[in-house]
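Results of the structural survey
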Amino acid sequence: MLIQDSISEIIQDYLINNLPEKTNINLQNKIEIPQNTNYGDISSTAPLALSKVLKKAPLILAEELQKLLAEKLQNLSEIEIIKPGFINFKLKPKAYREILEYFNKNENLITKLQSDKNNQKLLIEFVSANPTGDLHLGHGRGAVFGSSLANLLKTIGQNIITEFYINDAGEQINKLGLSAWNLYKPDQAFDGVDQYPAELIQPYLSDLEPNLNLEELTDIVKNRILNKQKEVLKNIKVEFDGWFSEKNELHQNNCLEKTFKLLESKNLTYQKDNALWLKSSELGDERDRVLIKSENKKPTYLAGDIAYHVHKFGRADNLLDIFGADHQGQELSLKVALKALGYDDTKFQILFIQFVSLLRNGTEVKMSKRNGSVITIEEVLDEVGADAFRFMLLLSNINNKLAFDIDLAKKADDQNPVFYVQYAHARACSILRNACQDLFKEQDLENIKPEILDLIMSESLSDREKQSTKDLILKLSFFNHEVHRAAESLNPSALAHYLIDIANKFHSFYGACKVINPDNKNLSLARLALIKTFKGIMQKGLEILIIHAPEKM
RNA sequence: GCGCUUGUAGCUCAGUGGAUAGAGCAACCGCCUUCUAAGUGGUUGGCCGCAGGUUCGAGUCCUGCCAAGCGCGCCA
C-alpha cells in the first residue's frame, strides 16, 4: 500500500472507532504534498478538518493521531505537529524504495471506485450539433471534454455510455433543405426564405441525381453533413457509443405523444392561442412554455428535448449533458418538466462549456455560430494535429472562456505544453531503449531487488539528486489519487495539469541524475525502475485523455 | 431588468475552509566533451475585482457592488 493510503486508512479507522454514525469526509483530500518543503514530505490537515465532527481540539486530535501513526508506520522518520493542527510527515529513504516496489508489483495504476455509482449506468450526451453545417471550435471543446471525461470515468470503473443527439427534425433542417434546393434547382428557387450561406452548403451538393424532390435532397445533404461531422470527430479521437436520431428514433416511436399524454394526465398542459402549453411556471420555471406550435402543429425543441430525456432515462440511471453556454436557457424548463414527470432531479446534470475564441498572431477572433464566419475544427486541426488540439482545449476549466492560441499550439518547443509532456515521455523511452541496448537486458528491469532499489535515495548522492528523485517519486505516488479527484469533480483538465506537473518533475530529475552509468550498474537499475514507473504513469494519463504517448520525437 | 459563468503575477491559467497564495510563458543571469537543449538551474514579479459578513482561520463560504462573456423565442 502507498504511504498516503496507509496514513488515510489509519485515520479512517480512528474516525470509525470514535464516531458512531457514518461520515462522508474524504480523507484523501486531506493528505497532500505541501508546497513548502519545511512542512515535510507529506502533510495532513486531517485534525483541523475532523476537529468539528469529533468535537475535539485539533491539537489534541493531532497528538492522538501522531501516536497511532508512529506505532503503525515504520517508514516515517518524523511526525511533527504544528499548531493549529497540521501533521507533517518526513519519510525515511526506505519509503521511496517502497513506492517504487509498489509500482513495480502493481499492474493496476488506478483503483476502481468503491461505490454504488459503479452499478449505475451514466449516459453522457455531448456535441449534439445540428446536422446543418461544419463543427466549430466550440463543438471541438465539448467533444474533447466529453470524450476525456467519459474515458476518465470508465477508467475508475463507472458504467458509461456516450451519445450524440442528432437534431434532424425541425426548423433548422427545413432551412437546410430549402438552402440546398435553391442551389440545386435555381430555376425553381423558393423566394423569401431564410437560408444558410451558399458557400457552406455547396460542398455537399456534388454528384447529385438530377430529379430529387425536396425531401430526398434534404435527407442526402443532411446525411452528407452528418458523415462529415463524424469524420471530423474521429480525427480528433472522439467516438460515440450511440448516435440518436430525433427524426427516426424519437418521432417514429411516438415518444413525443407518450410524453404529452403523461403530462396531460398530470394536468400540466393546456391549450391557448391554438398551441399546446406546458404549465412550467407552476413547476418553478420563469413562465409557461409552448410544446406544440400553433402554426404548423409541430413540436418545439423543448418538447423534443423532454421526450428525448425521458427516452434516455429508460436506458440509464443517471444523465449528464454537456452543452455550449448558449444552451443554458433550456436548463430550467427541462429540469422542472422532468421532475414533474417523476424523475429524480439529482440524477440529471448539465455542464455548460464556455466559449472558445481563436487567437492568431495575438489577435482574438470571436466565433459566432450563425454569422457564417465560423472557425471549424477542421481548419484548426489541419494546422496543429489531434494531440495539440485536444491538450490545448483540455487545459482550461470549462467554466472559463478559452482563447485557443493557434500559434502556440503549432510550436514545437517548451512553450507548448503538449510537446513538453510528450517530450518527457519520449525522453523516458529513449533512456530505457539505450539502457537495454548496451548495459542491460529487458529482464534485468523486471524484479529488481529491494536492496538495489534502496540506492535511489542513498546517502552518497548530492542534495539535488536526492531532492529531484524524492519530488518525482512522491508526485507519481499521487497518480491514483489525482485520477479519482479529477473524476469526482468531473474535471479532466485537472489530470492534464497533473501530467504537466510530473513531466516537469521528470525533466528536473533528468537534469540532476545521470541514469545510465556503467560504473554504477545498481544505481542505474534503481533509476531505470523509476523511469519505467514514470513512463507507465505518463502513458496511462495520456491514454485517459486520448492523447498519443510517443516513443520517439 | 432577471438568470448562469468568470474576475488570482505583464500574459495564459492552477489552487480541495488551513501554514509564507503556485505553475508555465514573457524579462534578466547561468548550464550542451554527459542517457533527446523540443531540456534545465536561478532572479525579478501579487490591495487573489471592491466592500462588508460567517469562522479559531477566507483566494475558497454568504451578502451587496463593479467589470466581462453567455442566456432570457411558438429557433434549435
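Preceding this section is the structure that the text describes.
Now for a look at the structure at hand. (Residues numbered from 1 in each chain as written. Chains lettered and ligands numbered in written order. Predicted model: local features only at pLDDT ≥ 70, side-chain atom pairs only at ≥ 80, totals over all residues. Heavy atoms only, no water.)

Quick look at the overall build of chain A
For chain A, the count of helices and strands is 22 helices and 15 strands. On the principal axes, the C-alpha backbone points of chain A span a range of 90 × 60 × 40 Å. Across the 553 residues of chain A, 51% fall into the buried class. Considering only intrachain contacts with a sequence separation of at least 6, the fraction spanning at least 24 residues in chain A is 72%. Approximately 26,500 Å² of chain A is accessible, and the part contributed by carbon and sulfur atoms is 46%. Looking at charge distribution, chain A has the averaged site of its 67 positive side-chain charges lying 3 Å from that of its 75 negative ones. (Helix = DSSP H or I, 4+ residues; strand = E, 2+ residues; numbered from the N terminus. Buried < 20%, exposed > 50% of the residue type's maximum accessible area, 1.4 Å probe, protein only. Contact = heavy atoms within 4.5 Å. Areas by Shrake-Rupley, 256 points an atom, 1.4 Å probe, with all protein chains shown as cover. Lys, Arg positive; Asp, Glu negative; His and termini not counted. Charge placed at Lys NZ, Arg CZ, Asp CG, Glu CD.)

Things to note about the sheet that holds strand β10 (residues 289-292)
Strands sit in the order β8-β9-β10 across an open sheet of 3 strands; the sheet is antiparallel. The open sheet has two free edges, formed respectively by β8 (269-272) and β10, since each of these has just one partner strand. Each strand axis lies, on average, 45 degrees off the axis of its neighbour in the sheet, ignoring direction. Bridge count for β8 against strand β9 (residues 275-278) is 4 bridges, and the pairing is antiparallel. Following the sheet pairing, Gln271 is matched in β9 by Leu276. (Pairing = 2+ DSSP bridges. Axes fitted to C-alpha atoms, helices over the stretch in contact; angles between N-to-C directions.)

Things to note about helix α15 (residues 386-395)
Burial within α15 is extensive, with 10 of its 10 residues counted as buried. Among all positions in α15, only Ala386, Asp387, Ala388, Phe389, Arg390, Phe391, Met392, Leu393, Leu394 and Leu395 are buried.

Re the side chain of Lys222
Within the secondary structure, Lys222 sits in helix α8 (residues 214-235). Look at Lys222 and you get buried, because its relative accessible area is 5%. Setting aside chain neighbours within four positions, we find Lys222 in contact with Pro131, Asp168, Ile173, Leu176 and Lys247.

Some details on the packing of aromatic side chains
For any pair of aromatic rings, geometry is given as the distance between the ring centres together with the angle between the planes. Applying the stated criterion across every chain yields a total of 14 aromatic pairs. With centroids separated by 5.2 Å and ring planes inclined at 65 degrees, the aromatic side chains of Phe240 and Trp243 adopt a geometry described as edge-to-face. The class of Phe240 is buried, set by a relative accessible area of 10%. Residue Trp243 is classed as partly exposed on the basis of its relative accessible area, which comes to 25%. Pairing Tyr270 with Trp277 gives two aromatic rings, centres 6.3 Å apart and planes at 10 degrees, and the pair type is stacked. Judged by its relative accessible area of 24%, Tyr270 is partly exposed. Judged by its relative accessible area of 15%, Trp277 falls in the buried class. Here Lys335 stacks its cationic end above the ring of Phe348, 5.9 Å away from the centre of that ring. For the cation-ring pair, Arg427 lies above Tyr510, with the distance from its terminal atom to the ring centre recorded as 3.6 Å. (Phe/Tyr/Trp six-rings, centres within 6.5 Å; stacked < 30°, edge-to-face > 60°. Lys NZ or Arg CZ within 6 Å of the ring centre and 35° of its normal.)

A few points about the nonpolar core
Judged by nonpolar contacts, the single largest core of 129 residues is most densely connected at Phe389 and Phe404. Grouped together as the second largest cluster of nonpolar side chains are 30 residues, Leu123, Phe260, Tyr308 and Leu338 included. (Core = buried A, V, L, I, M, F, W, Y, C linked by side-chain atoms within 4.5 Å.)

A closer look at the pattern of salt bridges
As enumerated under the stated definition, the model contains 26 salt bridges in all. One salt bridge in this structure joins Asp321 and Lys312, with 3.0 Å as the shortest N-O distance. Like Asp321, the residue Lys312 is buried in the burial classification. Across the pair Glu446 and Lys532 runs a salt bridge whose closest N-O atoms are separated by 3.7 Å. Here Glu446, found in the loop between α17 (417-438) and α18 (450-453), pairs with Lys532, found in helix α22 (residues 521-544); they are 86 residues apart in sequence, far enough to count as distant. Exposure remark for Glu446: the relative accessible area of 45% places this residue in the partly exposed category. Each of the salt bridges in this network shares a partner with another, and the network as a whole consists of Arg97, Glu101, Lys105 and Asp454. (Salt bridge = Lys/Arg side-chain N within 4 Å of Asp/Glu carboxyl O.)

So, the sheet that holds strand β1 (residues 31-32)
Strands pair in a sheet through their backbones, by hydrogen bonds, and they do so in one of two ways: parallel or antiparallel. An order of β1-β2-β4-β3 is seen for the 4 strands of this open sheet, with the pairing classed as antiparallel. Edge positions in the open sheet fall to β1 and β3 (76-82), since each of these has one partner strand only. Note: β3 against strand β4 (residues 86-91), 6 bridges, orientation antiparallel. Counterpart to Glu78 in the pairing with β4 is Lys90. Sitting on the sheet, helix α3 (residues 58-72) touches β3 and β4, and the angle it makes with β3 is about 175 degrees.

Re the packing of helix α4 (residues 93-105) against α22
Their axes nearest at 10 Å, the elements α4 and α22 cross at an angle of 55 degrees. Relative to α22, α4 is oriented oblique. As for the relative orientation of α4 and α22, their crossing is left-handed in sense. Between α4 and α22, the residues in contact are Leu100, Phe103 and Asn104 and Ala526, Ala529, Leu530, Thr533 and Ile537, respectively. In terms of residue class, the contact of α4 with α22 is built from 6 nonpolar, 2 polar and no charged. (Parallel < 35°, antiparallel > 145°, perpendicular 65-115°, else oblique. Left-handed = near helix turned anticlockwise from the far one by under 90°. Nonpolar A, V, L, I, M, F, W, Y, C, P; charged D, E, K, R; others polar.)

With respect to empty space enclosed by the protein
For the coordinates displayed, the defined rule picks out 1 cavity of 30 Å³ or more. When its volume is computed, the largest cavity comes out at roughly 40 Å³. Of all the elements, α8 adds the most residues to the lining of the largest cavity, at 3 residues. For the lining of the largest cavity, the residue count by class is 3 nonpolar, 2 polar and 3 charged. (1 Å grid on protein atoms, 1.4 Å probe; cavity = no way out; pocket = protein on both sides within 12 Å on 5 of 7 lines; lining within 4 Å. Points joined across faces, edges and corners; volume = space filled by probe spheres on them.)

Observations concerning the environment of Asp382
With respect to the element layout, Asp382 can be found in helix α14 (residues 377-384). Classification of Asp382 as exposed rests on a relative accessible area of 64%. Between the C-alpha atom of Asp382 and that of His484, which follows or precedes it by 102 residues, the distance is 34 Å.

Some remarks on unusual backbone geometry
The residue after Lys83, namely Pro84, is reached through a cis peptide bond having omega 10 degrees. Along the chain, Pro84 turns up in the loop between β3 and β4. The backbone of Asn254 shows a phi angle near 55 degrees, a positive value even though the residue is not glycine. When its relative accessible area of 42% is taken as the criterion, Asn254 is described as partly exposed. Positioned with a positive phi, Asn267 is a non-glycine residue whose angle comes to about 60 degrees. Within the secondary structure, Asn267 is located in the loop between α10 (255-265) and β8.

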